[in-house]
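Okay, here's what each chain looks like letter by letter:
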Amino acid sequence: MELVDGSFERALGRHLRAELDALNVASPATARPYARRGSMRYAWAVGRTLAVGLAVALLLGSVAAFASGDPGKFVSSAERSLGIPPFDDKPPIGSLKSPSSRPSESEGRARPSSGSQSEPAESPTPEPTQRASPERESPEASPSPEPGHSPEPPEHSPGPLPGDD
Amino acid sequence: MLERAATPADVLPALAHYTPGVPADFDRLYRASFARVVRTLASIVGSLEAAEDCAQEAFTRAYRAWPNWEARVPAEAWLHRIAVNTAISYRRREQIRSLPSLLMRLGVPPTGPDPAERVHTRALLPELRRLPPKQAAAVVLRYYHGYSNREIAAVLGVSERTVGQRISDALAMLRSRLGESGSF
């Protein structure tokens, strides 16, 4: 080789040694950083792969839904695969509020009455006895009611109406 | 006639005895060779911080491969090979990363180095960094570690002729940039 042992090579070697030896290299850590770093890198690589996969799946799914023009097809197939009732069985999205709000309102109204119906079944003794006992006591106290007084309608007796409270 | 690449066991003396797969031996190798590996990498990647990062990555790779290390190959030569490959990958990644800024600079008149920076930075390492990484690795193994071409060929896994060509090309480029006299 023509450049071997030339002055340039000697100067190169001298400068290289001087510059590299002048670098303040930190002493190697005793805590085996290579092992720790490997596990962190592994976790980072796995997490990054999962995140990228999820992003690609979402992107492809949205593109496919947009291209087909019927997002419900993919949604319903996914629902079926997950065991959820298909989307077609549900009311349409536009009319979802009014029918659902009505039953909820009617449920809200019906709930106390049904509760009052069910309450006696759950706890039959307290309320009828508390309310009925004075009323019944009075007929018992005066077994012969006055002829002008008509007895209270029987449907009021089992329990109070919601507006009574 | 085609040259056969010499194996490291043919040319490099075993400096210490290590057992593959034994963590304590890898710890010894790590402590013994960390600074040398960092200095080798600094001449390829250009900065000490990047060299330390590359060295850590190289030791991580080496630690994973440590059970498969063949004891007939000197451990430090094996380590240098991994480290040089890591530095080459680093340089490639860095080139890709710097591509957008390079494109943004297209058309802008080139600016010279900052005079203050020129005073404080060393002359040779930035020039080595401008070389192709394989040439820089051959230069530093030759002129810093003092390996012969045959030993470098064994470390890098190439033929002696390839090593000679790389060093010759690197020296020609350095001479044109630094001056013939070597008074850089």
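Calculation criteria
Residues numbered from 1 in each chain as written. Chains lettered and ligands numbered in written order. Predicted model: local features only at pLDDT ≥ 70, side-chain atom pairs only at ≥ 80, totals over all residues. Helix = DSSP H or I, 4+ residues; strand = E, 2+ residues; numbered from the N terminus. Buried ≥ 20, exposed ≤ 12 C-beta atoms within 10 Å, placed from the backbone. Contact = placed C-beta atoms within 7 Å. Core = buried A, V, L, I, M, F, W, Y, C linked by C-beta atoms within 7 Å. Domains from an automatic or database assignment. Axes fitted to C-alpha atoms, helices over the stretch in contact; angles between N-to-C directions. Parallel < 35°, antiparallel > 145°, perpendicular 65-115°, else oblique. Nonpolar A, V, L, I, M, F, W, Y, C, P; charged D, E, K, R; others polar. Expected span 1.5 Å × (residues − 1). Arc of directions from axis to C-beta. pLDDT = per-residue confidence, 0-100. Left-handed = near helix turned anticlockwise from the far one by under 90°.

Draft legend 1. The arrangement of the overall build of chain A in detail. Scanning chain A from terminus to terminus reveals five helices and zero strands. Across chain A, helices and strands are ordered from the amino to the carboxyl terminus as α-α-α-α-α. Here chain A holds 165 residues, and 4% of them are scored as buried. Here the analysis covers contacts within chain A between residues at least 6 apart in sequence; of these, 35% occur between residues at least 24 apart.

Draft legend 2. Geometry of the overall build of chain B. Scanning chain B for helices and strands turns up ten helices and zero strands. Helices and strands in chain B line up, N terminus first, as α-α-α-α-α-α-α-α-α-α. For chain B, with 184 residues in total, the buried portion stands at 38%. The long-range share in chain B, meaning contacts at least 24 apart out of those at least 6 apart in sequence, stands at 73%.

Draft legend 3. Spotlight on the nonpolar core. Counting 51 residues, the largest nonpolar core has L41, C54, A55 and A83 of chain B as its most contacted members. The set of elements that each furnish at least two residues to this core consists of helix 1 (7–22) of chain A together with helix 2 (23–45), helix 3 (48–65), helix 4 (75–97), helix 7 (124–130), helix 8 (133–143), helix 9 (149–156) and helix 10 (160–178) of chain B. The two domains that each donate at least three residues to this core are domain 1 (15–108) and domain 2 (123–184) of chain B.

Draft legend 4. Up close: the packing of helix 4 of chain B against helix 9 of chain B. All names here are of chain B. The contact between helix 4 and helix 9 brings their axes to 8 Å, and the two run at 65°. Of the possible angle classes, the one that applies to helix 4 and helix 9 is roughly perpendicular. Facing helix 4, whose interface residues are A77, H80, R81 and V84, helix 9 presents A154, V155 and L156. Of the residues assigned to the contact of helix 4 with helix 9, the class counts are five nonpolar, one polar and one charged.

Draft legend 5. Representation of helix 1 of chain A within the structure. Residue and element names in this part refer to chain A. With 16 residues, helix 1 should cover 22 Å at 1.5 Å per step; its first-to-last C-alpha distance of 22 Å lies within 8% of that length. Buried residues of helix 1: E9, L12, H15, L16 and L20, and no others. Viewed along the axis of helix 1, the buried residues span an arc of 130°, placing them on a single side of the element. Residues of helix 1 that are exposed and angled more than 90 degrees away from the buried face: S7, R10, A18, D21 and A22.

Draft legend 6. The arrangement of the confidence of the model for chain A in detail. Chain-level pLDDT for chain A is 63 on average; 36% of the residues reach the 70-or-more range. Note on residues 104–148 of chain A: pLDDT under 50 across the span, and 17 contacts to partners over four residues away in sequence or across chains.

Draft legend 7. Highlighting helix 9 of chain B. Residue and element names in this part refer to chain B. In terms of residue burial, helix 9 counts as a mostly covered element, since seven of its eight residues are buried. Inspection of helix 9 places N149, E151, I152, A153, A154, V155 and L156 among the buried residues, and these make up the whole buried set. Just past helix 9, the residue G157 takes up positive phi, approximately 75°.

Draft legend 8. Main features of the confidence of the model for chain B. Residues and elements named next belong to chain B. Here chain B averages 80 in pLDDT, while 77% of its residues score no lower than 70. Under a pLDDT of 50 for its full length, residues 114–121 has, in the predicted model, two contacts with residues more than four places off or in other chains. What the predictor reports for the complex is a pTM of 0.53 with an ipTM of 0.73.

Draft legend 9. Fine view of the packing of helix 2 of chain B against helix 3 of chain B. Residue and element names in this part refer to chain B. Two elements in contact, helix 2 and helix 3, have axes separated by 8 Å at closest approach and are oriented at 135°. Compared by their axis directions, helix 2 and helix 3 come out oblique. Crossing handedness for the pair helix 2 and helix 3: right-handed. Residue-level inspection shows F26, Y30, F34, V37, V38, L41, A42 and V45 of helix 2 in contact with helix 3, the latter providing L48, A50, A51, E52, C54, A55, A58, F59 and Y63. Its residues assigned to classes, the contact of helix 2 with helix 3 comprises 16 nonpolar, no polar and one charged.

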